[in-house]
Structures are given as C-alpha cells and as structure tokens.
Amino acid sequence: MNPAPTGNKNMSKNRLLTHFSKIISIISILLFFCLPQIASLQTTSIEYICAGTDYETPVYILKTNYKEPTIMIISGTHGDEKAGIQATQYLKDNIKTEKGTLIIIPRANILACEKNVRNFPSDINLNRTYPGNPESNSVGKLAYEIFNLMKKYDVDLLIDLHESIEFYKRNPENYGQTLVIDSGDDYYLYSISSSIVEEMNKEIIEDSNKYQVLVDPVTGSTAYSAYYQLGIPALTFETCRKLPLSFRIDEHIKFLKIVLYKWNILPEEIISGD
Ligand SMILES: [Zn+2]
C-alpha cells in the first residue's frame, strides 16, 4: 500500500479546482465589464412620415438589444410649443438608452414648427384629427401616418409633449403645468402619473409652478386615440409658457428621463446627472 499516489491525486485535483475557480473569476470579471456595454448597445435609424410631401418629418428610432418596452414620444404637434420640440431634439442626440425602443417625432407638424404657429393650416388642429384619414387633407393624412406608426411598432406607451399659455391653477381652461391622462378609472395610469408628478414637484417651490394630474379625455387627440382606439397608455405633458424657455426645456427633459427610468429604458443615475 503506497499512500503517495492518492495524495498526488488529491493535490492535482486541488490544483485543477484552483485553476477552474481562477477561470470562473476571470470570466466573471470579463462579463462584469462587458455586459453593461452589450446591454446599452444603441443604434439610431431615421424614417419619414408623409414622405415626399410638404409635411415630411423625420422619426428617430433608437433601438437596443432589448426590444421592449417601446415608447413613442411626440412633440411639435403644435408648432409654437418650443420646449418639448427642443427637449426631444436634444434627447435623440444625447440619450443613452439601456433597454427598449424609443420612437421620437420631434416636429410632428413640421410646417407649423417652421412657421412658429400653433396649427398649420391655422384652421386644422392636428390634435383633434386622430386617427386621421389617408383620403382627407394633409393634416388628416399626417395624423393617419402617426396613428399607423403606433400600430406598426406595437407601442407600449405614448408621450405627447405640449405647452400652454396659462397655468391650469390660474385658469382651468388652460393646462399649463399638468400631466393629462384619458381615464380616471385606470388605476395603473393614474398611480404612475401621480408618482411622476410627485417626483417633478420635489424641486419646485412656487405653488403655481407645481404639476398636477388631470383626467381629460379629448376626442381626436393623439393621446385619446392611442388610449381608446389602440389600448396604449398615454401621457400628455404640459408646461406653462409664462415660465422661462430654458427652464421649460429642462422640465421636459427631466419628465422624459423620469418616465424612461420608470419604464426601465434608462438606469436611475441618469435622471439626476446629465
Ligand atoms: Zn399643444
């Protein structure tokens, strides 16, 4: 009986285990550094709605390796509501999404945006035209194409950015500083809107500048059509144009970042940072 071979066997077994655990550690370290990069791999593509017409406007599609959720952000439905337009134009170039798909239409009614007017033509409000009609006037066709884009991309959430000439708290006919949803019976939508508003209000001191959740379904609006015709939760965010433009742009960006965090498209630390 010679005990040596068993001892050798045990030693080589131990060495093998040490090697194995070293390899596992190296792989873990590599994965730790590589995975966040893989997860945040983002590509941007552009398509156009109303292509070949005066209303041709770009749609930016920001994709990651994780398709879901898909969020559509629209601004420039009303061309003189600048804060949302500038916020989406900033975000499409600067945001680093971690998951999901973002579909951004910065200037929905591009002619109204270029002319700095609410509606173009002045007597047709895009936000009362949904779901649109391919056989109707140019704005009807525009609404129809945006509506179809929501269907095509199987959107999970619609965000429509607006601005108002007055604070809701001073005149309830205007919606400045509100987050509007289309149903008060939708517990999920109401509670998530309330928590977004709570977050937005944290750094606002002046009472009239604070946001509140409003329930106001308006037939023919982008949000109404998304919610009632396609079953897509929709949020309409409104700042008040009596506040400085730079503040309003920051507020739109902040609002979007909070929403994108809540839907797991952005990591939390991005909200406080740039
Ligand atoms: Zn508007």
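What counts and what doesn't
Here the residue numbers are simple positions, counted from 1 along each chain's written sequence. With the structure being a predicted model, the display of local features is reserved for residues of pLDDT at least 70 and the display and counting of side-chain atom pairs for 80 or more, all residues being used for whole-chain, interface and lining totals. In computing side-chain values, all of the structure's heavy atoms are included and hydrogens and water are not. Sodium, potassium and calcium take a 3.2 Å donor cutoff, other metals 2.8 Å, and in both cases only N, O and S atoms count; water is not among them, so sites may look incomplete. Metal sites are grouped by the angles between bound donors: all angles between 85 and 135 degrees with four donors is tetrahedral, opposite donors over 155 degrees apart with the others between 65 and 115 is square planar for four donors and octahedral for six, and any other pattern is irregular. Helix and strand definitions here come from DSSP, where helices need a minimum of 4 consecutive H or I residues and strands a minimum of 2 consecutive E residues; each element is numbered from the N-terminal end. When a residue's accessible area, from a 1.4 Å probe over protein chains only, is under 20% of the maximum for its type it is buried; when over 50% it is exposed; and in between it is partly exposed. Strand pairing is assigned whenever DSSP identifies at least 2 bridges connecting the two strands. When the strands point away from the viewer and the path from the first strand over the helix to the second turns clockwise, the crossover is right-handed. Centres within 6.5 Å make a pair out of two Phe, Tyr or Trp rings, where for Trp the six-membered ring is used; the pair is then stacked when the planes are under 30 degrees apart, edge-to-face when over 60, and tilted otherwise. Each ring is checked for a lysine NZ or an arginine CZ that lies within 6 Å of its centre and within 35 degrees of its normal; such an atom marks a charge sitting over the ring.

## Examining the coordination of the zinc ion
Around a metal, the perfect tetrahedron of four donors has angles of 109.5 degrees, and the perfect octahedron of six donors has angles of 90 or 180 degrees. Every protein donor of the zinc ion is accounted for by His-78 (ND1), Glu-81 (OE), Glu-81 (OE) and His-162 (ND1), and the metal-donor separations fall at 2.1 to 2.4 Å. Seen from the zinc ion, its 4 donor atoms lie at angles of 58 to 151°, and the figure they make is irregular. Sequence positions of the donors to the zinc ion reduce to the motif H-x2-E-x80-H. With Glu-81 in the loop between β3 (70–74) and α2 (82–94) and His-162 in strand β5 (residues 157–164), this pair connects stretches of sequence that are 81 residues apart.

## Regarding the pairing of strand β6 (residues 178–181)
Burial of β6 is two-sided: the residues Thr-178 and Val-180 facing one way and the residues Leu-179 and Ile-181 facing the other way are all buried. Pairing geometry for β6 and strand β7 (residues 212–215), over 4 bridges, is parallel. Of the residues in β7, the one forming a bridge with Thr-178 is Gln-212. Once the chain exits β6 it traverses helix α5 (residues 187–201) before rejoining the sheet at β7, and the crossover so formed is right-handed.

## Some points on the packing of aromatic side chains
In the structure shown here, the tally under the stated rule is 6 aromatic pairs. Look at Tyr-227 and Tyr-228: their rings are 4.8 Å apart centre to centre, the planes differ by 85°, and that puts the pair in the edge-to-face class. For Tyr-228, a relative accessible area of 41% puts it in the partly exposed group. The aromatic ring of Tyr-60 is capped on one face by Lys-92, whose charged end is 4.6 Å from the ring centroid.

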